2 protein chains.
Amino acid sequence: MRTNKNNRILLAHGGGGQLMDELIRHHILPHFRNDTLDELADSAKLYLTSKSVCFTTDSYVVKPLFFNGGDIGKLAVCGTINDLAVAGSKPVALALSLIIEDGFEFELLDKILTSISQAAKESDVNVVTGDTKTVESGAADKIFINTAGIGEKLTGVDLGFNKIAVGDKIIINGTIADHGMTIISQRQDIKFQSQLQSDCAALSGLICELLESTTGVKFMRDPTRGGLAATLNEISKASTLSIEINEADIPVKPMVQAAADMLGFDVLNIANEGKFVAIVSPESANDCLGICKKHPLGKEARIIGEVVQTRDVPVVELITKIGGRRIVQMPYGRELPRIC
Amino acid sequence: MRTNKNNRILLAHGGGGQLMDELIRHHILPHFRNDTLDELADSAKLYLTSKSVCFTTDSYVVKPLFFNGGDIGKLAVCGTINDLAVAGSKPVALALSLIIEDGFEFELLDKILTSISQAAKESDVNVVTGDTKTVESGAADKIFINTAGIGEKLTGVDLGFNKIAVGDKIIINGTIADHGMTIISQRQDIKFQSQLQSDCAALSGLICELLESTTGVKFMRDPTRGGLAATLNEISKASTLSIEINEADIPVKPMVQAAADMLGFDVLNIANEGKFVAIVSPESANDCLGICKKHPLGKEARIIGEVVQTRDVPVVELITKIGGRRIVQMPYGRELPRIC
C-alpha cells in the first residue's frame, strides 16, 4: 500500500485523481469485495426481488469514534440496518459515504472500515456503492459517515401507526440506555466506564424472524436519539392514543442506572443502538416475547406496558416502582449531542 | 416559526427531542411535502415500477456554500441525479442527510432547502427520507449534505465499459470546467469571478431522452472531480482501449480558459457539474449529437474525439490545436479540494 510518509489521509486524497483512486482501490475496496461495487460505476446496479422497498439514510457523527461495544463504523451499519428492519423490510444494500478530515490516520480508517465490513457481512448486506470526500484540517471532526440503505419489504407485513389500538402491548427486546451511557461515560472519563458497553447491534435477523413468524406486530421503531421517551411519545402522538409503561418492567442494567443517576440523566431519554420497541396485539404478545427470548439479541425482552385510551390529550405515563404516576415527556433536546 | 433569539441552529436541535421535532416539522418538511416523507417513518416505503434499480450516494462539502450558478443544495440534488442518470436509470427518490454546525443561520438553511426542493421538483424526484445531525461549533464547516438516490433502470438500456469498441465517438454536452473555475475564482476573489458561472444542472431529462430514443450509447459518466481528464482515463483504463481527443473540438468558454490560464490550471482537470461524457457507436454519433443540441442543456454538445486501438498501454491523447500530441494523465489529486 502506497501511503504518504505519515500514514495520514491528505486533502488531495479527495481530489478525484490518482491519489483518490489509490485510496479507493487499496484502502476501501478490499474491505467490501462484491461484483456490484467492483464495477466502480457512478451508481450501483441492483436486481431486487421485490418492487416494494424501504429506503433510508443516516449520518453518523459519534464522538468518541471508538467506544466499548463498537465504533462509528459498526454504528453506521447497524443503525441503518435497524431503520430498514423496523419498517418491515429485509436490508439488502448499503451506500457508504465518508467525509474525512485532512490528517486522519489510515490505521484508524482501516479499523473503521473493518468494522463496517464485518457488521455488513454479519447481516448479509452488501456495501454496493460509495463516496469519499476530504476536507481541510479543522473543517470536520476526524470522520463523519453516512450510510443509506435499501431493504426489500417483507411479504404480508404492513406496519403503521394506524394499526395501533387500545390494549396493544409494548415490547422492548432488552435493557435500555446502554449506548448513550457508554458514550457519555467515556467522554467524561468516569471511573466505571469500562464496565459499560454499547448495545450497538444489527437487529434485522431478530426483527425479520419476528415479523415472518407472527402476524400480531403492528408497529416498530428503534429508540435511538431521545431514547425510549422520544419513541413512545412519537408513537402516542401519531396514533393519538396514550401509553402506560411500568418502571418495574423496563430492563436497565444496574451499572447503567448508577451512571445515569450519578450524572443526572433519565435513562428513558438515553439513546439505544440495539433495541426496538414493538407494538403488538394482546393475543400475540406472549408469542412475540417467546420469539425474542430465543434470540441472542432478545434474551432480556420484556412487555413494558400497553396502549390505553386517551383522556384529554395523548400522553405517555410511567407507573413508578412505588406505584406513583408521572408523565414521560418528549425530551427537549439538550441531553446528548453526537451520540450517534 | 419558533427559533432561538439569534435565529441560529443549536447543537440541541440534533438531540432527538422537541427541538429536533420542531426543526424537522417547521423548517425542513414544509419544503418537501409528499406522502412518503410525511409519514416520518424510520425508512421511506417506495413502490417502484421496476425491480432493476440504480443506487448511489454522494456527500457534498463545497466551499463556498453559495456560488454563481448554484449552491450546495442544488449541487447535492443535481450531482446525485446525474450519477443515477449516467448509469442508465430514471431518478425517482432521494434521501437527504444534513450535518449542521452549531450556530449555522436558519436563514441560510432555508435558502439551501429551497434550492434542494426546487432542483428536485424540476427533475420530478421526491425527497422521501432524511436525517439531521448537529455538531459543535468548529466540528464541521457550516453544513455538509449527503444525498443518496434510487433510479429505475431504463428498459432495454445496458451501459458498460465492456460495450466500448474502437471507432466509438466521444460526445460531451457542452463547455467544460465552468463549475470548478467558478468555485476557485470565488475562493480567490479574483476580479472576473462574476462573469463565471457553474454549469450545475440535473441532466436526467436530456440523458433519459438520449437513451430512450437511440440505441447507440454504450457508456456515460459525468466528469466531476478530476474533470474530463479523470473520466476519460477511467474509461480508457477500464475498457483497455486508448482515447484520442481534439483540443479544437472541446468547448471551453473564453473566460473560463482565461481564468484557468491565469491561475495555472488545466481545464481538462477541472470539475463539471452539468456535463456528461457519452461513448457512442460511430453510426449513432450524429443522431445522438442532434438530440443533445435540441435540448437546452446540450446546445453546445460536440463530438470531441474517439476510441482508438491501444498500442502499448491504454492512454488518453490530446491532439492540440497546433497539431501536436500530448498524453492526458489522470490528475494526481492536489488540484481543487472541496469543489463539490
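Structure report, in brief.

Basis of the calculations
- Residues numbered from 1 in each chain as written.
- Chains lettered and ligands numbered in written order.
- Predicted model: local features only at pLDDT ≥ 70, side-chain atom pairs only at ≥ 80, totals over all residues.
- Heavy atoms only, no water.
- Helix = DSSP H or I, 4+ residues; strand = E, 2+ residues; numbered from the N terminus.
- Rg over C-alpha atoms; globule rule 2.2 N^0.38 Å.
- Contact = heavy atoms within 4.5 Å.
- Areas by Shrake-Rupley, 256 points an atom, 1.4 Å probe, with all protein chains shown as cover.
- Lys, Arg positive; Asp, Glu negative; His and termini not counted.
- Charge placed at Lys NZ, Arg CZ, Asp CG, Glu CD.
- Phe/Tyr/Trp six-rings, centres within 6.5 Å; stacked < 30°, edge-to-face > 60°.
- Buried < 20%, exposed > 50% of the residue type's maximum accessible area, 1.4 Å probe, protein only.
- Least-squares fit on C-alpha atoms with pLDDT ≥ 70 in both.
- Buried area = accessible area lost by both parts, 1.4 Å probe.
- Salt bridge = Lys/Arg side-chain N within 4 Å of Asp/Glu carboxyl O.
- Polar contact = N/O pair within 3.5 Å; in protein donor to acceptor, adjacent residues only side chain to side chain.
- Pairing = 2+ DSSP bridges.
- Axes fitted to C-alpha atoms, helices over the stretch in contact; angles between N-to-C directions.
- Parallel < 35°, antiparallel > 145°, perpendicular 65-115°, else oblique.
- Nonpolar A, V, L, I, M, F, W, Y, C, P; charged D, E, K, R; others polar.

### Here we look at the overall build of chain A
Then comes step 1: Broken down by element type, chain A carries nine helices and 14 strands.
Then comes step 2: On C-alpha atoms alone, chain A measures out to a radius of gyration of 21 Å, which is about the 20 Å that the 2.2 N^0.38 rule sets for 340 residues.
Then comes step 3: Along the three orthogonal principal directions, the C-alpha set of chain A runs to about 65 × 50 × 35 Å.
Then comes step 4: Long-range pairs, those at least 24 residues apart, make up 85% of the contacts in chain A with a sequence separation of at least 6.
Then comes step 5: Total accessible area on chain A stands at roughly 12800 Å², and carbon and sulfur atoms take up 48% of it.
Then comes step 6: Charge separation in chain A, taken as the distance between the mean sites of 35 positive and 42 negative side-chain charges, equals 2 Å.

### What to know about the packing of aromatic side chains
Then comes step 1: Under the defined criterion, the tally for this structure stands at four aromatic pairs over all chains.
Then comes step 2: Between Phe144 of chain A and Phe144 of chain B the ring centres are 6.3 Å apart and the planes differ by 55°, which places this aromatic pair in the tilted class. Here the residue Phe144 of chain A occupies a position in strand 7 (residues 143-153), and Phe144 of chain B occupies one in strand 7 (residues 143-153), the pair thus bridging two chains. Accessibility assignment for this pair places Phe144 of chain A and Phe144 of chain B in one class, buried.
Then comes step 3: With a centroid separation of 4.3 Å and an interplanar angle of 25°, the aromatic rings of Phe161 of chain A and Phe219 of chain A are classed as stacked.

### Remarks on the relation of the copies chain B and chain A
Then comes step 1: For the pair chain B and chain A, the best superposition has an RMSD of 0.0 Å and corresponds to a rotation of 180° with a translation of 0.0 Å parallel to the axis. Accordingly, the operation relating the two chain copies is best matched by a two-fold axis. By C-alpha distance to the rotation axis, the residue of chain B lying nearest is Ala140 of chain B, at 2.1 Å.
Then comes step 2: Most of the interface of chain B is mirrored in chain A, where 100% of its interface residues are also at the interface.

### Comments concerning the interface of chain B and chain A
Then comes step 1: Residue-level contacts link 80 residues of chain B with 80 residues of chain A.
Then comes step 2: With both sides pooled, the region where chain B packs onto chain A buries about 6300 Å², and carbon together with sulfur makes up 53% of that total.
Then comes step 3: When the area that chain B buries against chain A is broken down by residue, the three leading residues are Asp42, Phe55 and Arg225 of chain B, summing to 14%.
Then comes step 4: Here chain B and chain A share 12 salt bridges between them.
Then comes step 5: Here Asp21 of chain A makes a salt bridge to Lys237 of chain B, at a shortest N to O gap of 3.3 Å.
Then comes step 6: The interface formed by chain B and chain A holds 49 residue pairs in polar contact (both at pLDDT 80 or more) in total.

### Regarding the sheet that holds strand 5 (residues 89-101) of chain B
Then comes step 1: Sheet architecture is open: five strands sit in the order 1(A)-2(B)-7(B)-5(B)-6(B), paired in mixed fashion. Unpaired on one side and paired on the other, strand 1 (44-47) of chain A together with strand 6 (126-135) of chain B mark the two borders of the sheet. Taking the axes of each pair of neighbouring strands and ignoring which way they run, one obtains an average angle of 20° across the sheet.
Then comes step 2: Direction of pairing for strand 5 of chain B relative to strand 6 of chain B: parallel, over a ladder of nine bridges. The partner of Ser97 of chain B across the bridge, within strand 6 of chain B, is Asp131 of chain B.
Then comes step 3: Strands in contact with helix 4 (residues 106-122) of chain B are strand 5, strand 6 and strand 7 of chain B; relative to strand 5 of chain B, the strand with the most contacts, it is inclined by about 175°.

### A word on the environment of Leu11 of chain B
Then comes step 1: Note on placement: Leu11 of chain B falls in the segment before helix 1 (18-28).
Then comes step 2: Taking the C-alpha atoms as reference, Leu11 of chain B lies 50 Å from Val280 of chain B; in sequence the two are 269 residues apart.

### Some points on the packing of helix 3 (residues 72-86) of chain A against helix 6 (residues 204-213) of chain A
All names here are of chain A.
Then comes step 1: In the contact formed by helix 3 and helix 6, the axes pass within 9 Å of each other and the chain directions differ by 5°. Between helix 3 and helix 6, the angle falls in the class roughly parallel. Between helix 3, through Ile81, Asn82, Ala85 and Val86, and helix 6, the contact on the second element is made entirely by Ser204, Ile207 and Leu211.
Then comes step 2: Here the residues of the contact of helix 3 with helix 6 are counted per class, giving five nonpolar, two polar and no charged.

### Some thoughts on helix 1 of chain B
Then comes step 1: All of the buried residues along helix 1 of chain B are Leu19, Met20, Asp21, Glu22, Leu23, His27 and Ile28 of chain B.
Then comes step 2: Tucked into the core, helix 1 of chain B has its buried residues touching helix 7 (227-239) of chain A together with strand 5, helix 4 and strand 6 of chain B.

### Section: the packing of helix 1 of chain B against helix 4 of chain B
When two helices pack together, their arrangement is given by the angle between their axes and by how far apart the axes lie.
All names here are of chain B.
Then comes step 1: Contact geometry of helix 1 with helix 4 gives a least axis separation of 11 Å together with a crossing angle of 55°. The angle between the axes of helix 1 and helix 4 places the two elements in the oblique class. Between helix 1 and helix 4, the residues in contact are Leu23, His27 and Ile28 and Phe106, Leu109, Asp110 and Leu113, respectively.

### Some points on the sheet that holds strand 8 (residues 169-172) of chain A
All names here are of chain A.
Then comes step 1: Spatially, seven strands are ordered 9-11-8-12-10-13-14 in an open sheet, and the strand pairing comes out mixed. The strands lining the two open edges of the sheet, one partner per strand, are strand 9 (217-221) and strand 14 (325-327). When the angles between neighbouring strand axes are averaged without regard to direction, this sheet yields 25°.
Then comes step 2: The pairing of strand 13 (residues 316-319) with strand 14 spans three bridges and is classified as antiparallel.

### Re the pairing of strand 10 (residues 242-246) of chain A
Residues and elements named next belong to chain A.
Then comes step 1: Of the strand pairs in this sheet, strand 10 and strand 12 (residues 302-308) are connected by four bridges, and their pairing is antiparallel. Bridge assignment links Glu244 to a residue of strand 12, and that residue is Glu306.
Then comes step 2: Direction of pairing for strand 10 relative to strand 13: parallel, over a ladder of four bridges. Among the inter-strand pairings, Asn246 is bridged to a residue of strand 13, identified as Ile319.

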